[in-house]
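Structural features, examined
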Amino acid sequence: MPSISSPHIQISTHTTAADVLAAVQHVILPHREREANIWMPHARKISKTENSHQATGSLPKQFWLSVWTVTRSGTRTLDLVLACTANQLGDYPIFLYSNVPASQLTPTFLNQRISLLIERLLELVSPTRVFSVFSPSALTSAFVSSWTRRTGSIPEIDPFYAAKFTTCTKKTITPAPAPLPAGDEMRLATAEDAERAATLCKEFADDSVYFPLSYPRALKEAREMIRNRQLWVYYTTLASGQRELASIVACTRTTENVAAITKVYTNPLCRSRGCAERLVRRVTNFWLNEAGRQSVVLFVAHDNAPAEKVYHRVGFQGLQGCTAEGVEDWLEVGFVNTDRGHW
């Protein structure tokens, strides 16, 4: 685990998932498992297979950087984690995790840490790899400002994503206001659902503008989620008698106590029928009351009022003008002339 240091701040490089988990997981899990959901489940997933992949040379280049405050007595306190990773569809954005609450991400705290972090990052990747960064808003803003000064990279005019990070627990989840309509069906997806689900996955990605998917790649994604039991489907019958896949919900990042809903999309033919709300509530209830998780988390874009309304009705906190502890603003900023990945 090589490291570079200032008098009080240390940057450690982790070239395997097993190494970063061994270094930081015991620090994170007692208090900030929800906030670490953006990177830690993926690290756990690849740690299970990286030895065999490294033997064959088939593992894409992935690494993590951890930032520590070091006292004169040698005591280390974890501050930040940077994840530079990839999935089956391409490179992920740079994910930044803060081990302190968003309210403490002041310039005094961030400036030197971000500067050192960027110097180490540039030793490991080309600036073109950093196509976007996603983290709590203050952390993203500090990174973008320092990255731009250091590399000359130009941020995209508009953020890729600006969202609230929200959570639902057993105490906050609401009961369904009415029974499931006759003939409607909610369940885990099976292989027979893959092609229809892929269509909705593609439409979901195309809506993002910045990370579109071809149908073959969307089909690959759908099949992978189905194989891993991560995709739920809602079927309904239209007035014409046509059976339609109305909504999908994906839950692709889980740890002992936290599950994340990572994709919610409704077929345009089936909107304003309550399908997404029923399916989100069903999936949330599954993870809380059947799978034993303490909380379900998700991101909802600031400009997506219909989705925010749905999640609020299900029991996700800090939405629709309400405030709640732990609900934070997150921001993804992209850079021009970079090698765009996918997430």
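Relevant structure appears above.
Read on for an overview of the structure. (Residues numbered from 1 in each chain as written. Predicted model: local features only at pLDDT ≥ 70, side-chain atom pairs only at ≥ 80, totals over all residues. Heavy atoms only, no water.)

1. A look at the packing of aromatic side chains
Selection rule: Think of it this way: a Phe, Tyr or Trp ring, Trp meaning its six-membered ring, pairs with another when their centres are within 6.5 Å, and the plane angle makes it stacked under 30 degrees, edge-to-face over 60, tilted otherwise. Helix numbering and strand numbering both begin at the N terminus, where a helix is a DSSP run of H or I of at least 4 residues and a strand a DSSP run of E of at least 2. Three exposure classes are used, based on accessible area relative to the maximum for each residue type with a 1.4 Å probe and protein chains only: buried under 20%, partly exposed in between, and exposed over 50%.
Inspection of every chain in the model, using the stated rule, returns 18 aromatic pairs. Arranged with centres 5.9 Å apart and planes meeting at 40°, the rings of Phe-134 and Tyr-161 form a pair that is tilted. Pair noted here: Phe-134 is in strand S8 (residues 132-136) and Tyr-161 is in strand S9 (residues 161-169), with a separation of 27 residues, a long-range link. Owing to a relative accessible area of 0%, Phe-134 belongs among the buried residues under this scheme. Owing to a relative accessible area of 22%, Tyr-161 belongs among the partly exposed residues under this scheme. On the basis of an interplanar angle of 85° and a centroid distance of 6.4 Å, the ring pair of Phe-204 and Tyr-265 is categorised as edge-to-face. One end of the pair, Phe-204, is in helix H6 (residues 194-207); the other, Tyr-265, is in strand S15 (residues 263-266), and 61 residues separate them in sequence.

2. Comments concerning helix H9 (residues 305-314)
To be explicit about the condition: Throughout, the arc means the angular range of directions from the helix axis out to the C-beta atoms. Working rule for contacts: check all heavy atoms of both residues, and any pair within 4.5 Å makes them a contact. Any pair of nitrogen or oxygen atoms within 3.5 Å is treated as a polar contact; in protein, a donor-acceptor pairing is required on top of that, and neighbouring residues in sequence qualify only through side-chain atoms on both sides.
Turning to H9, its buried residues number three or more, namely Ala-307, Glu-308, Val-310, Tyr-311 and Val-314. For H9, the buried positions fall inside an angular range of 160° around the axis, keeping them on one side. In the core, the buried residues of H9 are packed alongside S9, S15, helix H8 (275-290) and strand S16 (295-301). By the N-cap criterion, in which a side-chain oxygen at the helix start approaches the backbone nitrogen of a residue two or three places on, H9 is capped by Asn-304, the distance to Ala-307 being 3.2 Å. Count one or two residues on from H9 and you reach Gly-315, which has phi positive near 125°.

3. Brief notes about the environment of Thr-237
Tracing the backbone through its elements, the reader meets Thr-237 in strand S11 (residues 231-237). Using a relative accessible area of 36% as the deciding quantity, one classes Thr-237 as partly exposed. Each C-alpha atom of the pair Thr-237 and Ser-208 lies 28 Å from the other, and the pair is 29 residues apart in sequence. The contacts of Thr-237, once residues within four sequence positions are left out, are Asp-184, Gln-242, Arg-243 and Arg-273.

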